[in-house]
Structures are given as C-alpha cells and as structure tokens.
Amino acid sequence: MTPTPRKRLACAICLRPQSACICRWATPVEHPVEVLILQHPLEVDNPKGTARLLHLSLPGSRLVTGEVFDDLPALLADPPGTGGAPGSAKLNLLLYPETPQHQTPGITPRQLAPGDLDDPARLRLVVLDGTWRKSLKMLYANPLLQQLPRLALQDVGASHYLIRKAHRPEQLSTLEATCAALAQLHANAGRLQPLLAAFDGFVAQQMDLRRLRGAGSPRMPNF
Ligand SMILES: [Zn+2]
C-alpha cells in the first residue's frame, strides 16, 4: 500500500485540507469588545483547534501565533491613530483563571476598578489558545500578560467540545470560553448564539472526519 501524500491542497482561508475545510461554520457576529487571540504554535495544525474558526467569526479579532511575543506592547496598544486621545485607551483583560501559585515573584495582575468593565467598546479581551500547560508557559514567557487584569468566567455551562481527549465537561474550548467571556462583557448572550450553534456543526464535522479516518487511515495522529 502506498502512503497517502502528506501535502494536500489547503483552503486559503481556514488553512485546513480542502476536504476538511471549516469555512462554512464561520459565523460573523457583532462584538463591541475587541479580541486578541494568542495562539501557541502547536495549535496551528491541530484539527481540533477552535481558534481559527473563532477568528473567522469575530470581525474585531486578531490571531497571532507564537510562544514569546516580542511585539506584545504593540499588540496591546491602541491601533495607530487612536492612541493618545483622552478616553481612547483600551483596557486589556486576560481571559485566564487566577493562578497565584504560578505567578512570577514580584508580578501581580492589576485589579479591576469599579466601572472598568462598563463600556465594552473600551475593552480588549486577550485569549491564550493552547493546552493548559502551553498556555501557562506562554504566561511565564510574557510577563506583560501576567500584569493584565484577569477575567474569570461566571456561570459557565457544560462544554459541547466533545472531540478533545480527556476534556472535562466544564473545560471549554477556546471558542466557547471566548464566547462566554464576550457574552458576560456585553451582558448579551443572544448575540453569540449563532456562532455557538455553528460550533456544534464544527464539532459534528470533526467527529465524522475522525470516524472516516479511523476506518481508512489508522496512521492519522490523534484520531
Ligand atoms: Zn476553509
């Protein structure tokens, strides 16, 4: 039996093989809070990853890949032309649980002040896309991230993310966690519903692909 050629034609938008293109699930939603997705390099080609679908669905998002982000100050600054004007500065919020046991000595996250979250248009949500271990590594490698005020999720329901191994129901995918955070910050969960519905379609597609590969190509990693 000849091995399957490694290089397959990729979709230029979602970067996946065309047979596994996820573009049909991209569901643009309105979101006043800006989103910066910092993606660990190991997630780029992970078929179960949700960051690209998230990015394709959030018009006000940026997706940057890396582990050490030398340009983080620029990424966290206002876009050129808006900086400096009174009241224009964005407040960066890190979507990450409080982890005092993993804090670099001398660095503590800024605490939120009353009223900080009142205007969604002033906020930028910073999301780390990686496994728990990798996201922690990103946090250590970028002390600036450790200084950001953190946003903890409230009242999170069970995850629909059934495709990642050893995923506990309360562990959300990057896409679900970001949608939950945006819903919390906008005080408007309905706005994100079309994207979460599309996410269920994405999960079903990944499960179908896994079944197909399981039958025909046992050498596929992680499936
Ligand atoms: Zn695509």
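Residues numbered from 1 in each chain as written. Predicted model: local features only at pLDDT ≥ 70, side-chain atom pairs only at ≥ 80, totals over all residues. Heavy atoms only, no water.

**Q** Please explain the pattern of salt bridges as it appears in this structure.
**A** Side chains that carry opposite charge are capable of pairing whenever their charged atoms lie near each other. Within this structure, the stated rule accounts for six salt bridges. Of the charged contacts in the structure, one is a salt bridge between Glu34 and Lys90, with a shortest N-O distance of 3.6 Å. With Glu34 in strand E1 (residues 34-39) and Lys90 in the loop between helix H2 (72-76) and strand E3 (91-95), the pair connects residues that are 56 residues apart, well separated along the chain. Linked through salt bridges whose partners overlap, the residues forming this network are Glu34, Lys90 and Arg124. (Salt bridge = Lys/Arg side-chain N within 4 Å of Asp/Glu carboxyl O. Helix = DSSP H or I, 4+ residues; strand = E, 2+ residues; numbered from the N terminus.)

**Q** Explanation requested: the environment of Cys23 in the structure shown.
**A** For Cys23, the position within the fold is in the segment before E1. For Cys23, a relative accessible area of 22% corresponds to the partly exposed category. For the pair Cys23 and Ala12, spaced eleven residues apart in sequence, the C-alpha to C-alpha distance is 10.0 Å. Among residues more than four places away in sequence, those in contact with Cys23 are Cys11, Ile13 and Cys14. (Buried < 20%, exposed > 50% of the residue type's maximum accessible area, 1.4 Å probe, protein only. Contact = heavy atoms within 4.5 Å.)

**Q** When you look at the coordination of the zinc ion in this model, what are you seeing that I'm missing?
**A** Ideal coordination angles are 109.5 degrees for a metal with four donors arranged tetrahedrally and 90 or 180 degrees for a metal with six donors arranged octahedrally. Taken together, Cys11 (SG), Cys14 (SG), Cys21 (SG) and Cys23 (SG) make up the protein donors of the zinc ion, found 2.3 to 2.4 Å from the metal. Here the zinc ion is ringed by four donor atoms whose angles at the metal span 103 to 114 degrees, and the overall shape comes out tetrahedral. Sequence spacing among the residues donating to the zinc ion works out to C-x2-C-x6-C-x1-C. (Donors = N, O, S within 2.8 Å, 3.2 Å for Na, K, Ca; no water. Tetrahedral: all angles 85-135°; square planar, octahedral: opposite > 155°, others 65-115°.)

**Q** What exactly am I supposed to notice about the pairing of E1 here?
**A** The two faces of a sheet get side chains in turn, since along a regular strand they alternate between them. For E1, the buried fraction is high: five of the six residues fall into the buried class. Relative to strand E2 (residues 61-65), E1 runs parallel, the two sharing five bridges. Following the sheet pairing, Val35 is matched in E2 by Ser61. A crossover connection joins E1 to the parallel E2 through helix H1 (residues 51-57); in handedness this β-α-β unit is right-handed. (Pairing = 2+ DSSP bridges. Right-handed = clockwise from strand over helix to strand, strands pointing away.)

Just distances and angles here, no functional claims.
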